[in-house]
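Spelled out from the first residue to the last, the chains are:
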Amino acid sequence: MLLILKFLLALVIASICGVVLSLSGAYLYLSPNLPSIESLRHIELQMPLRVYSQDNLLIEEFGEVRRTPIRFDEVPADFINALLSAEDDNFTKHHGVDPGSLLRAAGQLIKSGRIQTGGSTITMQVAKNFFLTSERSFSRKANEILLALQIERELSKQEILELYINKIYLGNRAYGIEAAANVYYGKSIKELSLAQMAMLAGLPKAPSRYNPIANPARSMERRDWILGRMLKLGHIDQARYEQAVATGQEAKLHIKHPDVHAPYVAEMMRLEMIERYGSEAYTNGMNVYATTPADLQEHAQQAVLRGLVDYDRRHGYRGPEAQIVKRADWPAALRNSKRISQFQPAIVTAVEQDGIFVMLADGSEDHVSWQSMRWAAPFLSNSSHGAAPRNPGAVVKEGDLIRVVRDDQGQLNFSQLPKIQASLISVDPHSGAIKALVGGLSFEQSHYNRATQAQRQPGSSFKPFIYSAALDAGFTPATLINDAPIEIFEPGMKEAWRPKNSDSNFLGPIRLREGLYRSRNMVSIRVLQDIGIPYTRDYISHFGLKKENLPPNLSLSLGSATLIPMDLTTAWAVFANGGYKIEPYMIERIHDRDGHLMYQASPAVTPHLASQLASVEGSQPPSLAEPVIDSRTAFLITDMLKDVIKHGTARRALSLNRTDLAGKTGTTNDSFDSWFIGYNHSVVTSVWAGFDQPDSLGRREYGGTIALPIWIDYMEQALKGMPASNQPEPSGLSRLRIDRESGLIASPGSSETYFEVFKREDTPPRMDEFSPVFEYEAPPGNPRTLPQDNLFDLF
């Protein structure tokens, strides 16, 4: 008997030694490949890229992971108790590994022949989540155990739990408990009830199986089991338990919607962040702030939408998007028709005298009033439409797939999706900061950003560059130019070019100023003829427009260049700021996940803005923008463009009741493009409208009928409460009384006179001193002396 006992004791000791030796061998084999636990103290969890407006409102969030890290001391004790009750009720007592759990897992393996549960503690899950794969193997489990033991030696229990609750995946792209609380309940973990916390605590085991939205019954069972465990372990009393289990399923998907709708802005910033930081931009938790204030951006979106809808309605109703004959097919048709901006798909279910009834995508039915349908005359072409409808039946029939819009009072209104597109760009001319940008009717419909990607002809909105070149070549606002027919035939042309004015009329000799504000094509052509195409192309390139995009022929004078709206707007900023070239930018600053400043924009600015910044205490002197034209030329062009609003093609803008606005309309051949670009000394804004596939906008559509109303709508908000902002008058100018007919300094007996502004070196002679020869300073290499008799013919 004694021998048997000795044998058994030796066997036990040998077994223990074998286990110890095996574990030691495994440790010696595996430990050199184990990662450093110290790295967990400095771990950076994946966090999305967040884009904010200038005034800190969320525009968009990019990245696959929804995560908002939270400190352990911010987490309610009820949640910690619920989590431990569900996942690891022995957490506070073990040292990383729970032998009992491992034995249970081993027993299941022996019985079933396969790994069912891993017996992992929370510490082991931290080891797996941060350092290992999800592979089910003995070697990975051994690594997991060794890492867990090491983690427990180097980190506190609170540090381990903080890592765990911020790392775990809880379904619906939510990583970490704070993100999950927001996704499922729309609030912070600190605001949840006991029942809601228990629901979230049940998710780590199987986020899909116990998802309260996808599997409400199963998730309730899991929640109630956790509450029962909390009661059994003494974390809650009977009363709290009964109250919690009596609570119904309250979870629903709460996707955080942006505070500001600015999808084109968000996409531009996303692309720039990817260019700067690569794919890490999506995961490093950076916060990037735009130069655009939320209110201006929202108003820009609405101004574009209203302007395009107004144009669309003027041209009539194009008919239903589809005709769905079978009622059984209606729900599927609605599901396949996505909502675009405010335009919801709907199918007509009944037509009555006072309106129609429609089915919406959610299956509900609603009424659309006849009053909202009266505009829907049948579309015939972009230049004509049929007679106004007399009743709803003349517009739609049952089964029509149409678009409806819900107004501020909750009423549905008849509508259609406009085909026309537009861009709006608003820039601070002194720094280049973009204050608002719209790239089209709807980003959901098309990601194509017309503000930065479209290449369109600017038409007459390009003429100020021709006139600026002329002013710097010795012309004055009072120079007389002949608005008369012209025929041009150049080598390579099959037939002569006979351009005309938009009204097909000719005014004869008129002043340069009048030629600009009346947008006379013949005047622009003759000016370009005289100052020379090579000089003009080189001159305009100083505004930042590429010379290769400027046609080397006289059509340049009418805006035949193909330009991107952003480039054209930036070039116009030179006129607005007094002659300086600025670079547009949209990212104002970038912060890392901890709020530390990573980047601050430091654009080259005009002297006007630099002097304002100099008065800010502690600010660094900014770099100065490059002057590209004479400040007096910028002042003269601005003064002439103010007349476009006072007397010319943009008189609608007088509705803003301001004296500091200058601008120019633009319409291309056959009305393919509608433009208005305008400014004061503080803001320059461009609006373009047209079809993506160039087509006529209609016989009576111009820059003043489409683009200008959008510009006015936006600028009313942009300038609200802003005092008049006029360009300071530079030195070196003279104001003289001029004879209207001759453009010369008026003699005492002149009856038709007005005051004009001149560069001092370019002041015209007095009428009574005028010699038979008219001379002016021309560009180098292009001297001209014009006999007075031929003055109007040659110009």
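Please read all numbers here as calculations on a predicted model, not as lab measurements.

Conventions used here
The residue count restarts for each chain, going from 1 along the sequence in the order it is written. For this predicted model, a pLDDT threshold of at least 70 governs which residues receive local features, and a threshold of 80 or more governs which side-chain atom pairs are given and counted, while totals over whole chains, interfaces and linings are taken from all residues. Hydrogens and water molecules were not included; the side-chain quantities draw on all heavy atoms of the structure. Working definition: helices are DSSP H or I runs of at least four residues, strands are E runs of at least two. Numbering for both runs from the N terminus. A 1.4 Å probe rolled over the protein chains alone gives each residue an accessible area, and that area as a share of the maximum for its type sets the label: buried under 20%, exposed over 50%, partly exposed in between. Should any heavy atoms of two residues lie within 4.5 Å, those residues are considered in contact. Residue-level accessible areas treat just the shown protein chains as cover; the underlying method is Shrake-Rupley with a 1.4 Å probe. By this definition, two strands are paired if DSSP reports at least two bridges between them. Axis angles are defined between N-to-C directions and span 0 to 180 degrees, where every axis is a line fitted to C-alpha atoms and, for a helix, only to the segment in contact. We define a salt bridge as a contact between a side-chain nitrogen of Lys or Arg and a carboxyl oxygen of Asp or Glu at a distance within 4 Å. Pairs were defined over the aromatic rings of Phe, Tyr and Trp, the Trp ring being its six-membered one, requiring ring centres within 6.5 Å. Orientation was assigned from the angle between planes: stacked under 30 degrees, edge-to-face over 60, tilted for the rest. We count a charge as sitting over a ring when the NZ of a lysine or the CZ of an arginine lies within 6 Å of the ring centre and within 35 degrees of the ring normal. Only buried Ala, Val, Leu, Ile, Met, Phe, Trp, Tyr and Cys residues count toward a nonpolar core, and they belong to the same one when joined by side-chain atoms within 4.5 Å. Of the two site types, the cavity is a set of points on a 1 Å grid over the protein atoms alone where a 1.4 Å probe fits but cannot get out, and the pocket is an open set with protein on both sides within 12 Å along at least five of seven lines, each lined by residues with an atom within 4 Å of a point. Grid points are joined across faces, edges and corners, and a volume is the space filled by probe spheres set on the points. The classification used treats Ala, Val, Leu, Ile, Met, Phe, Trp, Tyr, Cys and Pro as nonpolar, Asp, Glu, Lys and Arg as charged, and all other residues, Gly among them, as polar. Crossings are classed by handedness, with left-handed meaning an anticlockwise turn of the near helix from the far one by less than a right angle and right-handed meaning a clockwise turn.

Examining the overall build of the chain
Link 1 in the chain: Across its full length, the chain carries 22 helices and 26 strands.
Link 2 in the chain: Each of the 795 residues in the chain was classed as buried or not, and the buried ones make up 52%.
Link 3 in the chain: Of the contacts formed within the chain by residues at least 6 apart in sequence, a portion of 67% connects residues at least 24 apart.
Link 4 in the chain: Carbon and sulfur atoms form 51% of the exposed surface of the chain, whose accessible area is close to 37000 Å².

Examining the sheet that holds strand S3 (residues 287-290)
Link 1 in the chain: With mixed pairing, five strands are arranged side by side in an open sheet as S2-S1-S3-S17-S18. A single partner strand is all that each edge strand has here, and the edge strands are strand S2 (58-62) and strand S18 (597-600). On average, adjacent strands in this sheet sit at an angle of 15° to one another, irrespective of strand direction.
Link 2 in the chain: Examined bridge by bridge, strand S17 (residues 587-591) and S18 share three bridges and lie antiparallel to one another.

Here's the deal with the pattern of salt bridges
Link 1 in the chain: Inspection of the entire model under this criterion finds 35 salt bridges.
Link 2 in the chain: Residue Arg229 is joined to Asp89 by a salt bridge in which the shortest nitrogen-to-oxygen separation is 2.1 Å. On the criterion of sequence distance, the pair formed by Arg229 in helix H9 (residues 216-232) and Asp89 in the loop between helix H2 (77-87) and helix H3 (99-112) is long-range, its members being 140 residues apart.
Link 3 in the chain: With a relative accessible area of 18%, Arg229 lands in the buried category.
Link 4 in the chain: Look at Asp89 and you get partly exposed, because its relative accessible area is 42%.
Link 5 in the chain: For Lys581, the salt bridge goes to Glu583, with nearest N and O atoms at 2.5 Å.
Link 6 in the chain: With a relative accessible area of 23%, Lys581 lands in the partly exposed category.
Link 7 in the chain: Overlapping salt bridges, with partners in common, bring together Arg71, Asp73, Glu74 and Lys190 in one network.

Quick look at unusual backbone geometry
Link 1 in the chain: You will see that Ser504, though not glycine, has its phi angle at about 65°, which is positive.
Link 2 in the chain: Tracing the chain through its elements places Ser504 in the loop between strand S14 (480-483) and strand S15 (508-511).
Link 3 in the chain: The exposure class of Ser504 is partly exposed, given its relative accessible area of 41%.
Link 4 in the chain: Look at Asp670: it is not a glycine, yet its phi comes out positive at around 60°.
Link 5 in the chain: Within the secondary structure layout, Asp670 lies in the loop between strand S20 (662-667) and strand S21 (673-679).
Link 6 in the chain: You can call Asp670 exposed: its relative accessible area is 58%.

Quick word on H2
Since the α-helix packs 3.6 residues into each turn, any two residues three or four apart lie on the same face.
Link 1 in the chain: Most of H2 sits inside the fold, with 10 of its 11 residues counted as buried.
Link 2 in the chain: Within the span of H2, buried status applies to Asp78, Phe79, Ile80, Asn81, Ala82, Leu83, Leu84, Ser85, Ala86 and Glu87.
Link 3 in the chain: Buried residues along H2 sit against helix H4 (122-131), helix H6 (157-167), helix H7 (177-185), helix H8 (194-201), H9 and helix H10 (238-245).

Observations regarding the packing of aromatic side chains
Link 1 in the chain: Tallying each qualifying case throughout the model produces 16 aromatic pairs.
Link 2 in the chain: Taking 5.9 Å as the distance between ring centres and 40° as the angle between the ring planes, the aromatic pair formed by Trp375 and Phe414 counts as tilted. Of the two residues, Trp375 sits in the loop between strand S7 (365-369) and strand S8 (379-381) while Phe414 sits in strand S11 (residues 412-415), which places them 39 residues apart along the sequence.
Link 3 in the chain: Centroid distance Phe676 to Trp711: 4.8 Å. Interplanar angle 70°. Geometry classified as edge-to-face. Taken as a pair, Phe676 in strand S21 and Trp711 in helix H21 (residues 707-718) lie far apart in primary sequence, 35 residues in all.
Link 4 in the chain: Each member of the aromatic cluster is reached from another via a ring pair, and the members are Phe462, Phe465, Tyr535, Tyr539, Phe543, Trp572, Phe575 and Tyr679.
Link 5 in the chain: Geometry around Tyr754 places Arg511 over its ring, the cationic atom sitting 4.5 Å from the centre.

Remarks on the nonpolar core
Where a protein is soluble and globular, its nonpolar side chains tend to be buried together.
Link 1 in the chain: By size, the foremost hydrophobic cluster in this structure holds 124 residues, and its most contacted members are Leu437, Phe465 and Trp711.
Link 2 in the chain: A total of nine residues in this core trace back to one element, the largest contributor, which is helix H12 (residues 294-314).
Link 3 in the chain: Every residue in contact with Trp711, bar those within four places of it in the chain, is listed here: Ala653, Leu656, Leu661, Phe676, Gly678, Tyr679, Thr685 and Val687.
Link 4 in the chain: Formed by 52 residues, the second largest nonpolar core is a distinct cluster that contains Val75, Leu83, Phe91 and Leu203.

Considerations on the environment of Ala361
Link 1 in the chain: With respect to the helices and strands, the residue Ala361 is situated in the loop between strand S6 (355-360) and S7.
Link 2 in the chain: In sequence terms Ala361 and Lys338 are 23 residues apart; their C-alpha atoms lie 8.9 Å from each other.
Link 3 in the chain: Those residues in contact with Ala361 that sit more than four places away from it in its chain are Leu334 and Pro345.

Looking at the sheet that holds S21
Link 1 in the chain: Spatial strand order, S13-S12-S22-S21-S20: five strands in an open sheet with antiparallel pairing. This sheet does not close on itself; its edge strands, each paired only once, are strand S13 (434-438) and S20. In this sheet, neighbouring strand axes are inclined to one another by 5° on average, regardless of whether the strands run parallel or antiparallel.
Link 2 in the chain: The sheet contact formed by S20 and S21 spans six bridges and is antiparallel. The residue of S21 that forms the bridge with Thr667 is Ser674.
Link 3 in the chain: Here H12 sits on the sheet and contacts strand S12 (421-427) and S13; the angle it forms with S13, its principal contact strand, is near 35°.

Looking at the layout of surface pockets
Link 1 in the chain: Counted as a void, the second largest pocket has a volume near 1200 Å³.
Link 2 in the chain: Every residue lining the second largest pocket is counted, 40 residues in all, and those nearest its centre are Asn501, Ser502, Asn521, Thr667 and Tyr702.
Link 3 in the chain: Among the elements that make up the lining of the second largest pocket, the one with the highest residue count is S20 (four residues).
Link 4 in the chain: When its residues are assigned to classes, the lining of the second largest pocket shows five nonpolar, 25 polar and 10 charged.

So, the packing of H7 against H8
Link 1 in the chain: Look at H7 against H8: their axes get within 11 Å of each other, and the N-to-C directions meet at 115°. In this structure, the crossing between H7 and H8 has a hand that is right-handed. Contacts between H7 and H8 pair Ile177, Ala180, Ala181, Tyr184 and Tyr185 from the former with Gln196, Met199 and Leu200 from the latter.
Link 2 in the chain: Residue classes in the contact of H7 with H8 are distributed as seven nonpolar, one polar and no charged.

Considering the environment of Ala422
Link 1 in the chain: Of note, Ala422 is situated in strand S12.
Link 2 in the chain: Along the backbone, Ala422 and Val687 are 265 residues apart, and their C-alpha atoms lie at a distance of 7.1 Å.
Link 3 in the chain: Look past the residues within four positions of Ala422 in its chain and what remains in contact with it is Val304, Leu308, Val438, Gly439, Gly440, Arg450, Trp688 and Ala689.

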